[in-house]
Amino acid sequence: FEFMSANEYAINIFDELADCKVGKKIVNPSKELGEIISFVDSTDLSNKGKHFHKKGDKIQINDKIYTTEVHTLNDFKNAYVGFTIVINDNTEHFKMLELTEQYNEELSKEVEIKTRRIRSIQEQTIIGIAQMVESRDLSTGGHIKRTSDVVRIFANKLLEVDSSWDKDFLDMVIRSAPMHDIGKIGVDDVVLRKQGRYNDEEYNIMKKHAEIGGKMVTDILSNVEEDEFVKIAYNVANCHHEKVNGKGYPEGLKGNSIPISEIPIEARIMALADVFDALVSKRCYKQAYSYDKAFKIIMHDAGIHFDKNLAEVFLTCRPELEEYYNKSG
């Protein structure tokens with residue numbers, strides 16, 4: 001590490017080189033020159049070929065950015081006798097990279113903002129359609145909003161008790177919740193607006209809303225949303241009345257437990273929210289049930305109507321659900 005020589009370019013960068021003596025070590029180098037010396041010192045020459053070079057990290061001095069290369073000097077026997085250090089001014093290159101990165105970052109943020117805005121418009125449009133459908137049903141006012149909020153509370157609890165849940169998946173289930181009854185738009189007003197319990201014929205007509213909803217959701221979303229979300233929204237609309245004992249509709253799917261059930265997990269989540277709201281809300285054919293009675297029904301039907309594992313978690317949401325319904329009146 002004895003100094004041999006430096007050209008004017010290098011001396012203009014490192015003033016201390018002007019005072020260096022040939023055959024003497026560099027004394028009190030600047031921080032940046034010290035980094036270069038350390039870089040040379042770290043060069044492993046063992047088992048290398050006849051000549052060797054390597055590139056160092058960038059070094060910034062004032063407003064300039066330099067890169068360093070180390071090349072070996074060999075004597076006539078190809079033995080290492082020293083190094084040459086090449087310093088390159090790559091300021092423009094790195095500034096161009098920085099500008100490109102800034103542009104890409106700003107573009108990415110702009111795309112994200114516009115994507116969120118478009119998604120918000122889509123979701124508000126879908127909620128608007130769902131609320132229009134709900135306005136035809138005289139017995140379920142506010143059901144769309146309440147069940148969506150219940151799904152949100154439930155999803156947060158699922159994440160809290162088990163971190164292995166996919167948050168993006170649960171977010172898509174929350175976004176799908178307002179569409180679960182959208183198929184009621186295809187149910188005749190005579191049935192939909194009936195003040196009282198359905199007879200068997202009317203009930204069979206009403207049950208068609210699940211299948212109609214699944215088709216509607218697919219038609220509405222297929223060209224504007226990702227396939228995964230379309231599938232989740234379809235399952236929520238089409239399968240939220242399925243029961244794990246196979247006695248639900250429209251397909252009579254069955255299976256209790258998360259891994260092997262025929263019923264999509266998103267539909268099993270929606271089923272709990274949908275039934276709970278129906279229990280604790282006043283309908284034209286019944287008064288609102290107390291929280292005690294509603295949760296007893298959920299507990300009793302775990303493994304019959306509802307996924308047993310999911311129902312157990314849902315029951316732990318009681319404090320949050322009671323607070324929500326008490327506030328919403």
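Residues numbered from 1 in each chain as written. Predicted model: local features only at pLDDT ≥ 70, side-chain atom pairs only at ≥ 80, totals over all residues. Heavy atoms only, no water.

Asks: Whenever I open this one, the overall build of the chain confuses me. Can you help?
Replies: Helix and strand counts for the chain stand at 12 helices and four strands. A total of 329 residues make up the chain; the buried ones form 41% of that total. Sequence-distant contacts in the chain: of pairs separated by 6 or more residues, those separated by 24 or more amount to 56%. Of the roughly 19300 Å² of accessible surface on the chain, a fraction of 52% belongs to carbon and sulfur atoms. Each charge class in the chain was averaged separately, 44 positive and 55 negative side chains, and the resulting centres sit 5 Å apart. (Helix = DSSP H or I, 4+ residues; strand = E, 2+ residues; numbered from the N terminus. Buried < 20%, exposed > 50% of the residue type's maximum accessible area, 1.4 Å probe, protein only. Contact = heavy atoms within 4.5 Å. Areas by Shrake-Rupley, 256 points an atom, 1.4 Å probe, with all protein chains shown as cover. Lys, Arg positive; Asp, Glu negative; His and termini not counted. Charge placed at Lys NZ, Arg CZ, Asp CG, Glu CD.)

Asks: What should I look at first to understand the pairing of strand S3 (residues 64-74) in this one?
Replies: Consecutive residues of a regular strand have side chains that alternate between opposite faces of the sheet. Most of S3 sits inside the fold, with eight of its 11 residues counted as buried. Linking strand S2 (residues 59-61) back to S3 in an antiparallel pair, the connection comprises two residues, with Asn62 at a positive phi of about 55°. Summarising the sheet, S3 and strand S4 (residues 80-89) pair through nine bridges and their orientation is antiparallel. If you follow Thr72 over to S4, its bridge partner there is Phe83. A loop of five residues connects S3 with S4, the two strands running antiparallel in sequence, and Asn78 in this loop sits at a positive phi of about 60°. (Pairing = 2+ DSSP bridges.)

Asks: Help me understand the environment of Met206 in this model?
Replies: Tracing the chain through its elements places Met206 in helix H7 (residues 200-221). You can call Met206 buried: its relative accessible area is 6%. Non-local contacts of Met206, meaning those with residues more than four positions away in its chain, are made with Lys184, Val187, Val191, Leu192 and Tyr198.

Asks: How should I be thinking about the nonpolar core in this particular structure?
Replies: Generally speaking, nonpolar side chains in soluble globular proteins are found buried as a group. Grouped together as the largest cluster of nonpolar side chains are 47 residues, with contacts concentrated most on Phe154, Ile269 and Phe314. At the level of elements, helix H4 (143-161), helix H5 (167-176), H7, helix H8 (227-239), helix H9 (265-280), helix H10 (291-300), helix H11 (308-315) and helix H12 (318-328) are the ones that each hand at least two residues to this core. Of the residues forming this core, the biggest block, 10 residues, is contributed by H9. For Phe314, the residues in contact, after removing those within four places along its chain, are Val150, Phe154, Leu272, Ala273, Phe276, Phe295, Ile298 and Leu321. Counting residues in each nonpolar core, the second largest holds 12 residues, with Phe3, Phe14, Leu33 and Tyr66 among its members. (Core = buried A, V, L, I, M, F, W, Y, C linked by side-chain atoms within 4.5 Å.)

Asks: What's the story with the environment of Thr218 in this structure? I'm lost.
Replies: Mapping Thr218 onto the fold places it in helix H7. C-alpha of Thr218 to C-alpha of Lys231: the two residues are 13 residues apart in sequence and 7.8 Å apart in space. Among all residues touching Thr218, those that are not within four sequence positions of it are Val230 and Tyr234.

Asks: Could you clarify how one ought to interpret the packing of H7 against H8 in this entry?
Replies: A pair of packed helices can be characterised by two numbers: the angle between their axes and the separation between those axes. It is at 7 Å that the axes of H7 and H8 come closest, and there the two elements cross at 160°. By the angle between their axes, H7 is roughly antiparallel relative to H8. The interaxial crossing formed by H7 with H8 has right-handed handedness. The segment H7 lies against H8, with Ala210, Glu211, Gly213, Gly214, Lys215, Val217, Thr218 and Leu221 engaging Phe229, Val230, Ala233, Tyr234, Ala237 and Asn238. In terms of residue class, the contact of H7 with H8 is made up of eight nonpolar, four polar and two charged. (Axes fitted to C-alpha atoms, helices over the stretch in contact; angles between N-to-C directions. Parallel < 35°, antiparallel > 145°, perpendicular 65-115°, else oblique. Left-handed = near helix turned anticlockwise from the far one by under 90°. Nonpolar A, V, L, I, M, F, W, Y, C, P; charged D, E, K, R; others polar.)

Asks: Would you mind showing me how to read the packing of aromatic side chains here?
Replies: Aromatic rings in a pair are described by how distant their centres are and how their planes are angled relative to each other. Applying the stated criterion to the full structure yields six aromatic pairs. Taken together, a centroid distance of 5.2 Å and an interplanar angle of 90° make the contact between Tyr324 and Tyr325 edge-to-face. By relative accessible area, Tyr325 is classed as buried at 7%. Each member of the aromatic cluster is reached from another via a ring pair, and the members are Phe154, Phe276, Phe295, Phe314, Tyr324 and Tyr325. (Phe/Tyr/Trp six-rings, centres within 6.5 Å; stacked < 30°, edge-to-face > 60°.)

Asks: I keep staring at the pattern of salt bridges and nothing clicks. Help me out?
Replies: Where side chains of opposite charge bring their charged atoms close, a pairing between them can arise. Applying the stated criterion across every chain yields a total of 19 salt bridges. Between Lys145 and Asp149 there is a salt bridge, and its shortest N-O distance comes to 2.8 Å. With Lys145 and Asp149 both in helix H4 and four residues apart, this pair spans about one turn of that helix. Judged by relative accessible area, Lys145 falls into the exposed class, the value being 52%. (Salt bridge = Lys/Arg side-chain N within 4 Å of Asp/Glu carboxyl O.)

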